[in-house]
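# Structural features, examined
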Amino acid sequence: MNNTVSKTSHNSLWVITRGQRTRYSLALIAMGMASVFTIVAPLVGMYALDVVVYQDFSLGANVLVSLTRELSGSDSFTWYLWLSAAAGVLLTLLVGVFSFLKSRWAAIASEALAKRLREELFRHLHRLPAAFFDTADSGDLVQRCTSDVETIRVFLQAHVVEIGRAVLLLSAMLPVLFWRDYRLAWLSICLMPLLGVGAFVFFRRIKTLFEITDASEGVLTAVLKENLTGIRVVRAFARHDFEQDRFSQRNKAFRDNYYRLNKVMAVYWCSSDFVATCQIGIVLIAGGVFLVEGSLTVGELFVFISQVSMVIWPIRHLGRVLTDSGKAIVALGRVDHILNAPEESFEPTPTIGRGPGTINVANLDFSYPNGQAILRDMSLSVASGETVALVGPPGCGKTTLIRVLLRFYPYQRGQVKIDDLEINETDRAWIRAQIGVVLQDPFLYAQTIDSNLRVGRPAAPHEDLLEAAKDASLHASISKFPKGYNTMVGERGVTLSGGQRQRVALARALLKDPPILVLDDSLSAVDTDTEHRILTALEQRRGRRTTLIVAHRLTTVRNADRILVMDNGCIVQQGPHQQLAQEQGPYRRLCEIQGALDESIRNDLEGLDRG
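All of these numbers come straight from a predicted model, not from anything done at the bench.

### Details of the environment of Arg541
Structurally, the position occupied by Arg541 is in the loop between α19 (528-540) and β8 (546-550). Arg541 has contacts with Glu467, Ala468, Asp471 and Leu510, leaving out every residue within four places of it along the chain.

So this is what it looks like as C-alpha cells:
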C-alpha cells in the first residue's frame, strides 16, 4: 500500500490548458483574424495617401478605384477618400470584434482553469497525510491556493494568446514590408533581435527574483494570519510591540525584495523603450531618405511606420509577457509542490456499514516522521460497549494512540484492528466513520451551533440533536442565547467559552452516534458540577458504544470499566479504579495527589499499613 501521488503536474502549457484547448484555439484563430485586419488597415491608408498626394489613381487599390468610378461616374478623389475611410472603419471594427472574441474566449478558459486548479488544490489538501501539515505553514498554503492561482490565471488570460499575437503580427508584417521595399524592410527589423535577446536575458534574471519575492510574501502572509488567529493571546500577553516589530521585519524584507524586482524591471522597460523608439526612428530617417530619392512613396513610408509600430511594441511587450510567465512558472512550481505531495493511500471499503466497535492492538510500535518514538510494544483489547480510560503523564502516548486509531499516521510495527479489520488495510473514511472524537481543544466552524452539531450527521432529526445537547449538558446554555441553536459561534467558536466549545464538540460526537467514542481530555474546561452531569448522562448510555476516555482528572475516569495507566509509551497498569487505587504504583500516586481515594479505601489502606 504505497501512498499515491497526484497525477496532475502543471509543468507545460499543454498540460495546464487541458479541457479548455478548444477555447484557446478559437481565441488564437480570432487573434489571427484581428492581426490580419490590423496589418491590412494601414495598406488602405497607404493607397489613399498615394492617390491623393500624387493625384494618380493607378497607385490606388483596384477594388476601391473600381468602386469609386462606379459610384461617382468619374475619377473622384473625394469619393476615393470617403471609401478609403469607410474601409478603414470597417477593418478597425473587424479588428475590434475579433479582439473581443479573443479576449472573451481566453477569459472564459482562464477562469475555468483557475476554478479547476483551486478545486484540485482544495481536494488534494484534504487527501494529504497529517505529516504534511506538521511541517507546512498554513499562511503559505493559503497564498499558494489564492495568490499563486491568481498569478497563473492572469498569465493564462492575458499572455498566452499575447505571445501568439506578437508572432502572428511579425509573420504577417514581414512579407508586406519586403514586398514594398526590401531595403527598408531590413532596416525595420534590425533592432528587433536585440529586443528579443534582451527579453530572454531579462526573463532568466527575473525568475529568481520572483521566487525570492513570492517566498517573502508567503512569510508575511503567515505572520499576518498567525496574529489574526491569536489576537487574544497577543493582547493577553501585551505583545503588541513585539508582534508589530516582527511584522515590520517581514514587511521590510518583502518590500526590499519587491524593490529589487522593480528595479530590474525598470531597467528593462526603459532600455526596451529606447530600443523600440530607435527602431521607429531608423525607419523614419531611412524612409525619409528613400522618399527624397524617389524610391519610396509617402504611402509606403506610412505603411512602414505604422506596421513597425504595430509590431515593435508587442515584441517589446514580450518582456512583460516573460515577466508574468516568470511569475506563473514560480507560481506553478509552488502549486505543484502541493499537488505532487503523496496522498494518503486508498484501501477497500468494508462491506459492513457499522461495526460492533471492538479494538485490538498488538505489539504496536510508533514513531513520528521526525523520528521521535512514542509507543513501544503496546498491546490492548477493548470489547464492544466497554468503557476504557487512558491516564498518564503528558507525552506518554495517550493522544498518539488516538491518532494511530484514526490513521492520521502509519505505525511501524504490530497490529491495530477495529472490528477485526487491520486498519492499514481498511479504508480511512470507513474507520473514521466508526469513531467519534472529542478533542481537548475542539475546532468549530464559523457557523451556527446547529450546523456545528450536524457535522457528523447532517440529516439528524431535531429530537436527536436535542438529546445529544442535553447529554452534553449544553442545551441549557444554548437556550439562554437569543437565537438559540441558530447562534453564530464565530471563527473557531470564539464567541463561546472553552467549556461550551468542548460541550458542543461532545454533543456533535454523540449526535454522530458512532460505534466508538473517543474523549481526549474533552472535559478539562468544564466545571466539576457540569462534568458530573455529563458523566452521568454518558453512564446511562454505557454499553451502547465502545468508549475511550483520555483524561488527567481521575474523577473523569474512575467509573470506567478499565483504566489503562501509560508511561513512556507503554501500559504499566490496568484494571478498575478500586483495584488500581489499592495497588502500589503510579495510579495510586495520582489518586493521592488528586485526593481521589474513597474514605473506605483510605481506611483499608491505613489498616493494611498498620498490619
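Here the narrative resumes.
### Here's the deal with the sheet that holds β8
Spatial ordering of the open sheet is given by β6-β7-β8-β3-β9-β10, a layout of six strands whose pairing is mixed. Every other strand in the sheet has two partners, leaving β6 (435-438) and β10 (570-575) as the edge strands with one partner each. Between one strand and the next, the sheet's axes are offset by a mean angle of 20°, whatever the strand orientation.

### Observations concerning the nonpolar core
Core analysis: the largest hydrophobic core is formed by 41 residues, its most contacted members being Leu453, Leu474, Leu506, Val557, Ile563 and Tyr587. If you tally residues by element for this core, the top one is helix α18 (residues 498-512), at seven residues. Leaving out residues up to four positions away in the same chain, Leu506 has contacts with Val438, Ala472, Leu519, Leu523 and Ile534. By size, the runner-up hydrophobic cluster in this structure holds 33 residues, among which are Ile374, Val382, Cys396 and Ile402.

### Looking at empty space enclosed by the protein
Enumeration over the complete set of coordinates arrives at two cavities of 30 Å³ or more. Considered as a void within the structure, the largest cavity measures approximately 80 Å³ in volume. Considering the residues around the largest cavity, the lining is formed by 12 residues, among which Ile16, Leu113, Leu117, Ile152 and Leu156 are closest to the centre. Counting only elements with at least two residues in the lining of the largest cavity, the list comes to α4 (77-125) and α7 (147-180). The element that contributes the greatest number of residues to the lining of the largest cavity is α4, accounting for five residues. Across the lining of the largest cavity, the residue classes break down as eight nonpolar, one polar and three charged. As for the second largest cavity, its lining consists of Ile359, Leu380, Leu390, Leu401, Leu405, Leu548 and Leu564. A class-by-class count of the residues in the lining of the second largest cavity yields seven nonpolar, no polar and no charged.

### Some words on the sheet that holds strand β1 (residues 359-367)
Spatial ordering of the open sheet is given by β2-β1-β4-β5, a layout of four strands whose pairing is antiparallel. Strands with a single pairing partner mark the edges of an open sheet, and in this sheet they are β2 (373-382) and β5 (421-422). Where β1 and β2 come together, six bridges link them in antiparallel fashion. Across the sheet, the residue bridging to Val361 is Leu380, located in β2. Most of the contacts of helix α13 (residues 398-405) go to β2, to which it runs at about 70°, and overall it touches β1, β2 and β4 (413-418).

Cut-offs applied
Residues numbered from 1 in each chain as written. Predicted model: local features only at pLDDT ≥ 70, side-chain atom pairs only at ≥ 80, totals over all residues. Heavy atoms only, no water. Helix = DSSP H or I, 4+ residues; strand = E, 2+ residues; numbered from the N terminus. Contact = heavy atoms within 4.5 Å. Pairing = 2+ DSSP bridges. Axes fitted to C-alpha atoms, helices over the stretch in contact; angles between N-to-C directions. Core = buried A, V, L, I, M, F, W, Y, C linked by side-chain atoms within 4.5 Å. Buried < 20%, exposed > 50% of the residue type's maximum accessible area, 1.4 Å probe, protein only. 1 Å grid on protein atoms, 1.4 Å probe; cavity = no way out; pocket = protein on both sides within 12 Å on 5 of 7 lines; lining within 4 Å. Points joined across faces, edges and corners; volume = space filled by probe spheres on them. Nonpolar A, V, L, I, M, F, W, Y, C, P; charged D, E, K, R; others polar.

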